[in-house]
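Analysis of the macromolecular model
Listed below, chain by chain, are the residues.
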Amino acid sequence: MVLRMSHLTPYNWSISTRLALWYGLTLFFLLSLFALFCYTNFHNSLHRDFDRHLTHEQHELMSFLQTEGPEPLLTLDAAVQPIAYQTEGIYATYIRLLSPEGEVRYASPNFKDHEPLPVALERQDDMFSVSRTWEGDPARTRYTPLRNASEDVIGWVEITGFEWSLHEELYRLRRALIAGIAISVLLAIGGGYLLAQQALQPVVEITEAANNISAHALHQRLPVAFKVQDELTHLAQTINDLLERLERSFLRERRFTTNAAHELVTPLATLRGEIDLALRTSPSPQKIQETLYTALNDIDRMNTIIRSMLQLSRADKLREAPAEAVDLSALCLDHLDRFRDRAEAQDVTLAFTAPQQPLPSATGHRDTLGKVIDNLLDNALKYTPPGGRVGCRLDMREGRLLLTVEDTGIGFTPDDAAHLFDRFYRADNPDVQAQPGSGLGLAIAQATVQAYDGTLTATSPGLGQGSRFVVSLPRYA
Ligand code: ADP
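Here is a short report on the structure shown in this document. Being a predicted model, the structure only gives us computed values, none of them experimental.

All right, on to the sheet that holds strand β4 (residues 137-147) then. An order of β2-β1-β5-β4-β3 is seen for the five strands of this open sheet, with the pairing classed as antiparallel. The open sheet is flanked by β2 (104-107) and β3 (128-134), the only strands paired with a single partner. Ignoring which end each strand starts from, the neighbouring axes of this sheet average 25° apart. Sheet analysis places β4 next to strand β5 (residues 153-162), joined by nine bridges and oriented antiparallel. What sits directly across from P145, in β5, is W156. Contacting β1 (93-98), β3, β4 and β5, helix α1 (residues 15-62) crosses the sheet at an angle of about 45° to β4.

Now for the site of the ligand. The immediate surroundings of the ligand are formed by 22 residues, with N379, Y383, D407, R426 and L442 found nearest. Taking R426, its side chain carries an N or O atom lying 2.6 Å from an oxygen atom of the ligand. Here a nitrogen atom of the ligand sits 3.2 Å away from a polar atom, N or O, in the side chain of S467. Here the ligand, which alone exposes 530 Å², has 98% of that area covered by the protein.

Here we come to the pattern of salt bridges. Taken as a whole and assessed by the stated rule, the structure comprises 22 salt bridges. Salt-bridge contacts for D334 lead to R338; the nearest nitrogen and oxygen are separated by 3.5 Å. Of this pair, D334 and R338 both sit in helix α5 (residues 328-345), four residues apart, which is roughly one turn of the helix. The exposure class assigned to D334 is partly exposed, which follows from its relative accessible area of 29%. Residue R338 is classed as exposed on the basis of its relative accessible area, which comes to 53%. Among the charged side chains, a network of salt bridges with common partners joins D51, R140, R142 and E163.

Between the first and last C-alpha of α5 there are 26 Å, a value that for 18 residues agrees with the 26 Å anticipated at 1.5 Å per step. At F339, α5 shows its strongest bend, of approximately 40°. Looking at α5, one finds that the buried residues are L328, L331, C332, H335, L336, F339 and A343. Among the residues of α5, the N-terminal cap falls to D327, whose side-chain oxygen and the backbone nitrogen of S329 are separated by 3.2 Å. Immediately downstream of α5, the backbone of D347 shows phi near 60°, a positive value.

Criteria and cut-off values
- Per chain, residues are indexed from 1 in the order of the written sequence.
- Reporting in this predicted model follows two pLDDT cut-offs: at least 70 for local features of residues, and 80 or more for side-chain atom pairs to be given and counted; totals over whole chains, interfaces and linings ignore these cut-offs and use all residues.
- With hydrogens and water stripped out, all remaining heavy atoms of the structure feed into the side-chain values.
- DSSP calls a pair of strands paired once it identifies at least 2 bridges connecting them.
- Put simply, DSSP H or I for four residues or longer makes a helix, DSSP E for two residues or longer makes a strand, and each gets a number counted from the N terminus.
- Working convention: axes come from line fits to C-alpha atoms, limited for helices to the stretch in contact. Angles between N-to-C directions cover 0 to 180 degrees.
- We call two residues in contact whenever any of their non-hydrogen atoms come within 4.5 Å of each other.
- One heavy atom within 4 Å of a molecule or strand is enough for the residue carrying it to be called near that molecule or strand.
- Definition of a polar contact: a pair of N or O atoms within 3.5 Å, with one able to donate and the other able to accept a hydrogen when the atoms are protein atoms, and with sequence-neighbouring residues admitted only if both atoms are side-chain atoms.
- Each accessible area is a Shrake-Rupley estimate made with a 1.4 Å probe; only the visible protein chains count as cover when residues are assessed.
- Salt bridges are identified by distance alone: a Lys or Arg side-chain nitrogen within 4 Å of an Asp or Glu carboxyl oxygen.
- Relative accessible area decides the class of each residue, using a 1.4 Å probe on protein chains only: under 20% of the type maximum gives buried, over 50% gives exposed, and in between gives partly exposed.
- Here the expected span of a helix is defined as 1.5 Å times the quantity of residues minus one.
- The reported bend at a residue is simply the angle between two axes, fitted to the 7 residues ending at it and to the 7 residues beginning with it.

If you want it as structure tokens, here you go:
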């Protein structure tokens with residue numbers, strides 16, 4: 001079997017594994033530091049204890065030292081000498097008296113069966129201790145200087161004992177510390193792994209649920225009812241909100257496509273039927289002309305719908321083009337002029353009002369905002385019976401420019417108001433259905449205005465009571 005090394009690299013480790021290893025390593029590092037500190041302290045304290053024991057032995061010994069005579073310090077009391085320190089083995093204390101140069105002048109009898117112990121005087125002039133191995137066992141020697149009245153070193157007392165119990169204690173402590181650290185680290189890694197797995201369980205569930213969501217199953221949602229409410233729950237909730245928006249926009253697009261297809265199918269079918277009839281019969285030249293006019297009307301209608309759809313799809317792109325300063329007064333007057341003849345023909349009064357002082361420029365593009373004004377004026381004239389009035393007013397409120405188009409026309413119901421800006425929506429009202437239109441004009445106007453961070457709102461007191469459309473645009477900065 002070929003071992004694939006790439007699967008073993010830390011980059012491929014799961015988050016649970018990495019977290020658990022991190023806990024484990026951190027704990028190992030901290031516990032090791034702590035253990036080292038304890039061990040060193042314990043080690044030093046045991047040595048100090050042993051030194052105290054050796055010093056005590058040395059004090060005991062001092063009373064037997066002959067401090068007078070030709071070689072005053074280097075012999076024990078003659079009576080004590082043969083029996084002194086005859087204890088043997090690892091519990092024994094070994095005594096030697098040394099000259100200032102380190103020559104052995106006296107060695108306690110228990111030295112005799114042992115390997116020679118090297119003298120470890122190292123140009124010291126005060127008491128000191130040395131740890132070393134003697135005959136394979138740890139031994140500690142304490143050297144104490146002996147001084148005359150004028151404080152000159154005239155010899156040394158060397159006391160040695162085996163430190164086996166101390167080393168036994170240290171060994172036991174080492175074993176306990178290593179076992180403690182190993183168990184704690186293993187527990188931390190195991191526990192950390194389980195905890196991380198439990199904490200990340202929602203991720204597994206979210207991933208599985210997300211894998212099952214497709215364009216055909218956008219109604220599905222990620223699970224959010226986990227045992228713990230944490231960042232992952234918020235993430236799932238946020239993704240669910242996103243799915244909600246996606247589903248809505250997906251449904252809107254689907255409805256739009258269906259409506260668009262429906263809108264185009266009708267004139268196409270009429271067109272096809274008329275051409276088919278003309279081909280199967282032998283129509284008179286006048287009939288042919290009538291057929292061609294109807295065909296032209298159908299083509300115009302389809303053309304309008306397709307252009308509107310294109311315009312709608314481009315509305316979002318408007319955000320990307322840098323906005324210009326648009327003089328709304330001049331723009332309104334210009335576009336109102338284009339409707340004057342039609343208003344006159346329909347016997348509708350067309351009025352324009354604006355404040356005396358010049359208004360600041362609005363943010364947008366002249367041509368697209370011009371199309372918004374055209375759409376509002378066109379609707380107002382379409383849905384206002386003869387004798388009515390259409391007014392276009394400009395205002396400035398709370399730093400924004402307001403363009404109001406109001407009429408005394410057919411108005412609309414609150415139900416209609418909720419759908420007025422939906423694509424292809426046309427009120428189910430004979431006065432509306434009698435007029436040409438695709439139901440895309442207001443949707444395009446709204447999308448255009450929103451691209452400039454503006455709003456378009458529609459209000460009406462009720463059917464037959466006129467309507468008011470207000471465009472609010474930010475002033476050009
Ligand atoms: P269209 O006018 O081509 O039908 P619009 O998107 O411009 O499409 O308008 C959508 C609908 O809003 C219209 O069908 C009509 O029902 C309603 N509407 C628009 N303008 C007015 C108005 N000035 N008065 C009454 N109803 C209006």
